[in-house]
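Here is what each chain is made of, one letter per residue.
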Amino acid sequence: MWRRSLLRAGMGSSRIAWRTDLQRAHRYFHSSRPLFVVKPFLLADIGEGIRECEIIQWFVQPGAKVQQFDNICEVQSDKASVEISSRYDGVIKKLYYDAGDMAIVGKPLVDIDMAEIPEDTSELGDVSAQQEQSKSEPAAAQETGSSQIRTSSIAEGMEAAAMNGSGNSGRHRSLATPAVRRIIRERSLDITKITGTGKDGRVLKEDVERYVEEPAEADKSSAVAAGRPRSAPTQSLEEETVPLTPMQNQMFKAMTRSLSIPHFLYADEAGIDRLVTLRNTINKNLAQSNDSIVKKISFMPFFIKAVSVALEEYPLINCRVDLTDESKPKLVTRPQHNIGIAMDTPAGLLVPNIKNVQQLNILEIAAELNRLQAAGSTGKLSAADLKGGTITLSNIGNVGGTYVAPVIVTSEVAIMGIGRSKVIPAFDDEGAVVPKTVVNFSWSADHRVVDGGTMARMACLVKKYCEEPELLISKLR
Ligand code: COA
């Protein structure tokens, strides 16, 4: 009977129900342990349209005891890395993948033996110790139950994590704190090659620094993959082959998918002097105000709102293409303007979106943009922040560059690129030369469903709202 209860509790039933069944089972069968209920733990759907994820690292090995919410592994999807935590108490029996493999959503990730719960936890060694620490993660980290978005390798609260392949003999090898793992990931180093001098061979920041100063010759090439500049000139004139970083791997796949979309590029220049004046006025006011949580706004909230207001007239640009039946493509209209913002974060390019922009005013958009930027820079964007975008804006202007030809993501039909604004000499109505602030807007649209005329008209309307922000304000509810 209890076996039936356990099986019932396995997928989809509440944790309380499972705990109750388990406690009852222990009461009745305390000493008759070998009643094996090995349960495949499936990789849950972690985001819109994501079908597979790369296994970045395992936090457990066969034989490890896990409890609900203990981290099992870290996987990398198209958008971010996610820590998968257990929904069950039990003992890991089998890992279905090696680190580096692609795990399929909905297929087994590990087998967990829910009956075999060793009472002598001393045999679990490092595992329990690490997972005790992981249980002290903030509540927010546990909200998602079986998965938690951690952009890139940043995983605060997870005090120790394991990677494969070190010389240590325990079940968890190559230990390092999340901060150290982040440094290792950012520098594209292989943790297994770094000698850890901390407790139980834990790799410390000093170990990484020491390793970087005197790395093995073969490892110097890993810096290339990360796209970071080399700090010292190299003597070697030989070509090197290096693997892609996990983020590059995902970008490779996502962008390859995007290339199935025939892109139509449209670009224009907007004069934004009136917007500059308006923004200065607003910022002066914000700086003196105690009421607003926003103390300064950039141009982005205006651009975002201009796009949203223009979408009211051109809802096609907010659609997605449904290719469920490839012989009968469909368009799905989306009333929400969930505007994605391409964000340059320490983890790489991430695209969180501001939800329901159609209902927000400029300051509300600015507040949400600030929140997303702060979350992006500290690796704390949630799955919800990254899901559900309907159109994207990519502003490369804070980095530099006048023109950008942006690439559409497959769940959208258009993306707007914004270059760096600059002041140029221009002629006024009387023919006199005057300074003019201009910015380049470029649009890529899915030419299978968006014709050039529609895209150009929508782009002209956005430009108009940015050149004459009074018109934009007149549209605010
Ligand atoms: N032209 C001129 N200046 C610009 C600008 C532009 N297009 N965009 C930003 N700036 C300025 C801002 O005004 C601000 O300066 P200020 O403080 O003097 O006003 C400064 O650059 C920093 O702005 P930022 O904090 O980046 O805010 P933002 O709201 O303008 O941009 C993001 C927010 C998230 C879009 C931006 O930080 C970012 O990550 N951009 C990169 C996107 C990317 O990588 N795209 C490529 C995808 S392939």
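No experiment lies behind these values; they were computed from the predicted model shown. (Residues numbered from 1 in each chain as written. Predicted model: local features only at pLDDT ≥ 70, side-chain atom pairs only at ≥ 80, totals over all residues. Heavy atoms only, no water.)

(A) Fine view of the nonpolar core. Counting 57 residues, the largest nonpolar core has Val 307, Leu 393, Trp 443 and Met 458 as its most contacted members. Here the element with the most residues in this core is helix α10 (residues 300-313); it accounts for 9 residues. Excluding residues that lie within four positions of it along the chain, Trp 443 makes contacts with Phe 264, Leu 265, Tyr 266, Val 307, Ile 391, Ile 415, Met 416, Met 455, Met 458, Ala 459 and Val 462. Ranked by size, the runner-up nonpolar core spans 25 residues in total, among them Val 37, Ile 55, Tyr 88 and Leu 109. (Core = buried A, V, L, I, M, F, W, Y, C linked by side-chain atoms within 4.5 Å. Buried < 20%, exposed > 50% of the residue type's maximum accessible area, 1.4 Å probe, protein only. Helix = DSSP H or I, 4+ residues; strand = E, 2+ residues; numbered from the N terminus. Contact = heavy atoms within 4.5 Å.)

(B) Quick look at unusual backbone geometry. Even without being a glycine, Phe 69 presents a positive backbone phi close to 80 degrees. For Phe 69, a relative accessible area of 24% corresponds to the partly exposed category.

(C) Main features of the environment of Gly 271. Position of Gly 271 among the secondary structure elements: in strand β10 (residues 263-271). On the basis of relative accessible area, Gly 271 is assigned to the buried category, the value being 14%. Through-space distance from the C-alpha of Gly 271 to that of Cys 466 is 7.9 Å; in sequence the pair is 195 residues apart. Residue contacts for Gly 271: discarding those within four places in its chain leaves Lys 436, Thr 437, Val 438, Cys 466 and Glu 467.

(D) Fine view of the packing of aromatic side chains. Under the criterion given, the structure shown has 3 aromatic pairs. Ring geometry for Phe 299 against Phe 303: centres 6.2 Å apart, planes inclined by 20 degrees, an arrangement best described as stacked. On the basis of relative accessible area, Phe 299 is assigned to the buried category, the value being 18%. Assessed through its relative accessible area of 3%, Phe 303 is described here as buried. Taken together, the ring pairs connect Phe 299, Phe 303 and Phe 441 into an aromatic cluster. Directly above the aromatic system of Phe 299 lies the positively charged group of Arg 279, at a separation of 4.6 Å from the ring centroid. (Phe/Tyr/Trp six-rings, centres within 6.5 Å; stacked < 30°, edge-to-face > 60°. Lys NZ or Arg CZ within 6 Å of the ring centre and 35° of its normal.)

(E) Inspection of the state of the cysteines at higher detail. A complete count under the given rule lists 0 disulfides for this structure. Cysteine Cys 53 remains unbridged, with the sulfur of Cys 73 as its closest cysteine sulfur at 8.9 Å. A relative accessible area of 0% means that Cys 53 is categorised as buried. (Disulfide = S-S within 2.5 Å.)

(F) Here's a closer look at the site of the ligand. Neighbouring the ligand are 20 residues, the closest being Arg 279, Lys 296, Ser 298, Asn 395 and Gly 419. Measuring from an oxygen atom of the ligand, one finds a side-chain N or O atom of Arg 279 at 2.4 Å. At 2.8 Å, a side-chain N or O of Asn 395 approaches a nitrogen atom of the ligand. For the ligand, the accessible surface in isolation is 930 Å², of which the surrounding protein chains cover 72%. Only β14 (343-345), α11 (362-377) and β17 (391-395) provide two or more residues apiece to the shell around the ligand. In terms of residue class, the shell around the ligand is made up of 8 nonpolar, 8 polar and 4 charged. (Near = heavy atom within 4 Å. Polar contact = N/O pair within 3.5 Å; in protein donor to acceptor, adjacent residues only side chain to side chain. Areas by Shrake-Rupley, 256 points an atom, 1.4 Å probe, with all protein chains shown as cover. Nonpolar A, V, L, I, M, F, W, Y, C, P; charged D, E, K, R; others polar.)

(G) Geometry of helix α8 (residues 246-258). With 13 residues, α8 ought to run about 18 Å at 1.5 Å a step, and its terminal C-alpha atoms sit 18 Å apart, in line with that. Listed as buried for α8 are Pro 246, Met 247, Gln 250, Ala 254 and Ser 258. The buried residues of α8 occupy an angular sector of 110 degrees when the element is viewed end-on, so they sit on one face. Contact partners of the buried residues in α8: β2 (52-58), β4 (71-76), β7 (102-104), β10 and β15 (348-350). (Expected span 1.5 Å × (residues − 1). Arc of directions from axis to C-beta.)

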